[in-house]
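Each chain is listed here by its residues.
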Amino acid sequence: MNQMTADNAMFLLRGVYLPTLKNESQLTKKVLEAVPADRADHRPDPVSKTAMELVRHIAAADVRFADTVINGRFETGAVLPADLKTPAEIATWYEQTYAERLETLKNLTSEQLTNMVDFRGMFQRPAVMFLMIGAHHTIHHRGQLSSYLRSMGAKVPSIYGESYDAEQARKAAQA
């Protein structure tokens, strides 16, 4: 991999990643909130994660990838407080915690952003690149979780355009 320059790292962070991550985090929060607490043990198949496992994984991993850039190392320890028991509680924690991380990221130096970080011995990348790796990870699992919602009896929120459920709600409000 070519060396990441300081200018490239700053451009990626401020010009591309931060605006994207702010928007993506708002979409993620909507999906987390849509999971009904009384159906959070739902899983479409015995080998699939439960909805609650996905909620916890998504929220914790998104924060973990931001922390990777901030701290200059990838760590796998617990991030999510154990006392959070419902999807709504986790969504609230996620919104606040991730927003704090985005604010911290704004103040990082180019040296911090270009610092090489090891990912579990599998590959090394400049720290700033872990923001997009994390975003792709979250988008993947958010899609997985959103596909559970309707079968759980929940409404699918709009993500990258109006969902069927949002369209039906809009039409009902206009009637």
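Residues numbered from 1 in each chain as written. Predicted model: local features only at pLDDT ≥ 70, side-chain atom pairs only at ≥ 80, totals over all residues. Heavy atoms only, no water.

Peer 1: Would you take a moment to explain the side chain of Asp-67 for this structure?
Peer 2: Following the sequence through the fold, Asp-67 ends up in helix 2 (residues 51-71). Given the relative accessible area of 15%, Asp-67 is considered buried. With residues up to four places along the chain from it excluded, the contact list for Asp-67 reads Gly-72, Arg-73 and Arg-101. (Helix = DSSP H or I, 4+ residues; strand = E, 2+ residues; numbered from the N terminus. Buried < 20%, exposed > 50% of the residue type's maximum accessible area, 1.4 Å probe, protein only. Contact = heavy atoms within 4.5 Å.)

Peer 1: Teacher, can you tell me more about the confidence of the model for the protein chain here?
Peer 2: A low pLDDT score tells you not to read the predicted coordinates there in detail. In this model, the protein chain carries a mean pLDDT of 94, and residues with pLDDT of at least 70 account for 99%. Per-element confidence in the protein chain ranges from a low mean pLDDT of 92 for helix 6 (residues 164-174) to a high of 97 for helix 3 (residues 87-106). (pLDDT = per-residue confidence, 0-100.)

Peer 1: Looking at this model, I keep getting lost on the pairing of strand 2 (residues 123-126). Mind explaining?
Peer 2: Strand residues, when the strand is regular, have side chains that alternate between the two faces of the sheet. In terms of strand pairing, strand 1 (residues 116-119) meets strand 2 through four bridges, oriented antiparallel. From the neighbouring strand, Val-117 faces strand 2, where its bridge partner is Arg-125. Here strand 1 folds back onto strand 2 in antiparallel fashion, the turn holding three residues, of which Arg-120 has a positive phi close to 55°. (Pairing = 2+ DSSP bridges.)

Peer 1: Please clarify how the packing of aromatic side chains should be interpreted in this entry.
Peer 2: Within a pair of aromatic rings, the relevant descriptors are the distance that separates the centres and the angle that separates the planes. As enumerated under the stated definition, the model contains seven aromatic pairs in all. Seen in terms of ring centroids, Phe-65 and Phe-74 are 5.6 Å apart; in terms of plane orientation they differ by 45°. Their pairing is tilted. An identical accessibility class is assigned to Phe-65 and Phe-74; each is buried. Judged by centre distance (6.5 Å) and plane angle (15°), the ring pair of Phe-65 and Phe-119 falls under stacked. Here Phe-65 is found in helix 2, whereas its partner Phe-119 is found in strand 1, with 54 residues between them in sequence. For Phe-65, a relative accessible area of 7% puts it in the buried group. In this structure Phe-119 comes out as buried when scored by relative accessible area, which is 12%. In textbook terms, an aromatic cluster arises when at least three aromatic residues are bridged by ring pairs, as seen for Phe-65, Phe-74, Phe-119, Phe-123 and Phe-130. (Phe/Tyr/Trp six-rings, centres within 6.5 Å; stacked < 30°, edge-to-face > 60°.)

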